[in-house]
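What follows is each chain in one-letter form.
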Amino acid sequence: MALNSNNNETPTAPTLQAALRQRSSAPTTGGSSTGNYVEVPIPKPKAGELLLKVEAISNNPVELRIQDGLMKHFLPLRFPFAPGTDVAGEVVSLGTGVKGFRPGDKVVAHIHVLKGGGYAEYAIASSSRVVLRVPEISASEAASIVVAGYTALQSARQVGIKSLAGGCEHLNVQIIGASGGVGTILLQLVKLSGAHVTVTCSDRNIELMRNLKADEVLDYQTQQGATYTSPSGRRYHRVFNCAHFVPLSNFSAQLQPNARVIDLTPTRRSIVVAMVNKVSLRSPHRFENFYMWDNQEDLQTMMELMGAGKVKAVLDTTFPLCKAGDAWDHCLKRRCAGKIILCSSPPISS
């Protein structure tokens, strides 16, 4: 749908408005049944903002948490709410004060989670959360490395893996649940640092992990995988947990003294464990949580790494925007390898 300056009527664009349920005393089914499509006015960019014609949107687990109500004490959202934070598209128009962009630019953006709106034909993004897209990178690939890229890059830095050009050959690293959107990027970044990487995943993703250059791959359903035991007998200096909370005791026997363990999906339990671990004088290992912060510089870094072929996008499934409900339900299964992508599609018929 094109913007028409000769039309006196306010232009509209199909947007998925997801009526995200809050968890109550009674269980909810959630899923795509809580969403519907509506026609809404194409938004107008304010000062410092860009209007984007969306080409691809990446699905994120935080959106499932919003729907489940697990984020209601942290994210005071109004409902119905259109989700979607990781978008790639084309600049349509600029708000006042925006520099460095012009209409027609191909970009990738991170929309603040409190605003959302990426599940749409048009979306608004702050210019401070947008970077130009490398020409060789498709919209789907670019959208896949926003939040997942932030998380992988920043968590590696948090535990001291700062070089992406070797120098960490002495480190043995374990990545738990490495086949997801974050894990696939994290594996590639840690390999760039030179570290030896052991990963855990399901048997159907073993070949994918090997293709991404994992040194050792454990099937978590086997005894060796359940105990996180390195096939070569290595003990880990760093552990990244990309799966649900795993007690430190489950793999403490596999850790080096002074090892650092970071949970990339913080829960109430992991927060408490990290607090206790911080003040405890008994544990020889450091357990900590990760909290992402978005910034233009890191998004630019990820785009450059992908453009140089040093990091590859791993896409699980691609759906058209008119099948956003199917994408949502697929994400709920939590069995994805890489990222789920929504792509622009023809207008949705009523």
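Cut-offs used in this document
- Counting starts from 1 at the beginning of each chain's written sequence and moves along it residue by residue.
- Reporting in this predicted model follows two pLDDT cut-offs: at least 70 for local features of residues, and 80 or more for side-chain atom pairs to be given and counted; totals over whole chains, interfaces and linings ignore these cut-offs and use all residues.
- To obtain the side-chain values, all non-hydrogen atoms of the structure were included, while hydrogens and water were left out.
- Working definition: with a 1.4 Å probe on protein chains only, accessible area under 20% of the residue-type maximum means buried, over 50% means exposed, and in between means partly exposed.
- Counting from the N terminus, the helices are the DSSP runs of H or I reaching at least four residues and the strands are the DSSP runs of E reaching at least two.
- Working note: the arc is built from the helix axis to C-beta atom directions.
- Exposure above 30% relative accessible area and no salt bridge define the residues that can form patches, which grow by joining like charges within 9 Å and nonpolar side chains of Val, Leu, Ile, Met, Phe, Trp and Tyr within 5 Å.
- Only the protein chains shown count as cover for residues, with accessible areas throughout obtained via the Shrake-Rupley method and a probe of 1.4 Å.
- Within this document, salt bridges are pairs made up of a side-chain nitrogen of Lys or Arg and a carboxyl oxygen of Asp or Glu, the two lying within 4 Å of each other.
- What makes a nonpolar core is a set of buried Ala, Val, Leu, Ile, Met, Phe, Trp, Tyr and Cys residues whose side-chain atoms join them at distances within 4.5 Å.
- For every domain, the bounds stem from an assignment made automatically or drawn from a database.
- Contact definition: two residues touch when any of their heavy atoms are within 4.5 Å.
- For helices, the axis comes from a line fit to the C-alpha atoms of the stretch in contact; other axes are also lines fit to C-alpha atoms, and the angle between any two N-to-C directions lies between 0 and 180 degrees.
- In these notes the angle categories are as follows: under 35 degrees is roughly parallel, over 145 is roughly antiparallel, 65 to 115 is roughly perpendicular, and the rest is oblique.
- For this scheme, ten residues count as nonpolar: Ala, Val, Leu, Ile, Met, Phe, Trp, Tyr, Cys and Pro. Four count as charged, namely Asp, Glu, Lys and Arg, and the remainder, Gly too, count as polar.
- Should DSSP find at least two bridges between two strands, the strands are taken to pair.

A look at helix 9 (residues 324–332)
The α-helix advances 3.6 residues per turn, and as a result positions three or four apart in sequence lie on the same side.
Logical step 1: Within helix 9, the full set of buried residues consists of A324, A327, W328 and C331. Projected down its long axis, helix 9 shows its buried positions confined to an angular sector of 100°, all on one face.
Logical step 2: Downstream of helix 9 by a residue or two, R334 has a phi angle that is positive, lying close to 55°.

A short note on a nonpolar patch on the surface
Logical step 1: A cluster of nonpolar residues, I271, M275 and Y291, forms a patch on the protein surface that exposes about 330 Å² of accessible area.
Logical step 2: Tracing the backbone through its elements, the reader meets I271 in helix 7 (residues 268–279).
Logical step 3: Under the relative-accessibility criterion, I271 is labelled partly exposed at 32%.

Section: unusual backbone geometry
Logical step 1: With phi around 75°, K213 is a residue other than glycine that occupies positive phi space.
Logical step 2: Structurally, K213 is set in the loop between helix 5 (206–211) and strand 10 (216–219).
Logical step 3: Although it is not a glycine, Y228 adopts a positive phi angle of roughly 60°.
Logical step 4: Summarising the element assignment, Y228 is placed in the loop between helix 6 (223–226) and strand 11 (236–241).
Logical step 5: For Y228, a relative accessible area of 10% corresponds to the buried category.

As for the nonpolar core
Logical step 1: Grouped together as the largest cluster of nonpolar side chains are 51 residues, with contacts concentrated most on I161, I175, L186, V199, M209 and F240.
Logical step 2: Contributing elements (two or more residues each) for this core: helix 2 (139–143), helix 3 (147–158), strand 8 (172–176), helix 4 (181–192), strand 9 (196–201), helix 5, helix 8 (296–307) and strand 15 (339–343).
Logical step 3: Both of domain 1 (16–137 + 313–343) and domain 2 (150–289) provide at least three residues apiece to this core.
Logical step 4: Once you skip the residues sitting within four places of it in the chain, F240 turns out to touch S155, A156, V159, I161, V173, Q174, I175, I176, L186, V190 and I262.
Logical step 5: In this structure, V98, F101, A123 and A327 belong to the second largest nonpolar core, which totals 24 residues.

Section: the environment of P45
Logical step 1: Mapped onto the elements of the fold, P45 is located in the loop between strand 2 (35–41) and strand 3 (49–58).
Logical step 2: Along the backbone, P45 and S126 are 81 residues apart, and their C-alpha atoms lie at a distance of 8.8 Å.
Logical step 3: Apart from residues lying up to four places away in sequence, P45 is in contact with L50, L51, S93, L94, G95 and I124.

A few points about the pattern of salt bridges
Logical step 1: With the rule as written, the count across this model stands at 10 salt bridges.
Logical step 2: Here D105 ties to R102 by a salt bridge, and the two come within 3.9 Å at their closest N and O atoms.
Logical step 3: Here D105 falls in the buried class, since its relative accessible area comes to 15%.
Logical step 4: With a shortest N-O distance of 2.0 Å, R129 and D294 are connected by a salt bridge. Note that R129 is positioned in the loop between strand 6 (122–126) and strand 7 (130–132) and D294 in the loop between strand 13 (286–289) and helix 8, a separation of 165 residues in sequence.
Logical step 5: One salt-bridge network, in which partners are shared between bridges, spans E55, E90, K106 and R133.

What about the packing of helix 3 against helix 8?
Logical step 1: At their nearest, the axes of helix 3 and helix 8 sit 10 Å apart, and the two run at 105° to each other. Here helix 3 is positioned roughly perpendicular relative to helix 8, judged by the angle of their axes. Of the residues in helix 8, those in contact with G149, Y150, L153, Q154 and R157 of helix 3 are D298, L299, T301 and M302.
Logical step 2: Tallied by class, residues from the contact of helix 3 with helix 8 come to 4 nonpolar, 3 polar and 2 charged.

Notes on the sheet that holds strand 8
Logical step 1: Read from one edge to the other, the open sheet built from 6 strands follows the order 10-9-8-11-12-13, with strand pairing classed as parallel. Two strands bound the open sheet, and with one partner strand each, they are strand 10 and strand 13. Recorded for the sheet is a direction-independent mean angle of 15° between the axes of neighbouring strands.
Logical step 2: Helix 3 rests against strand 11, strand 12 (255–263) and strand 13 of the sheet, and its axis sits at about 150° to strand 12.

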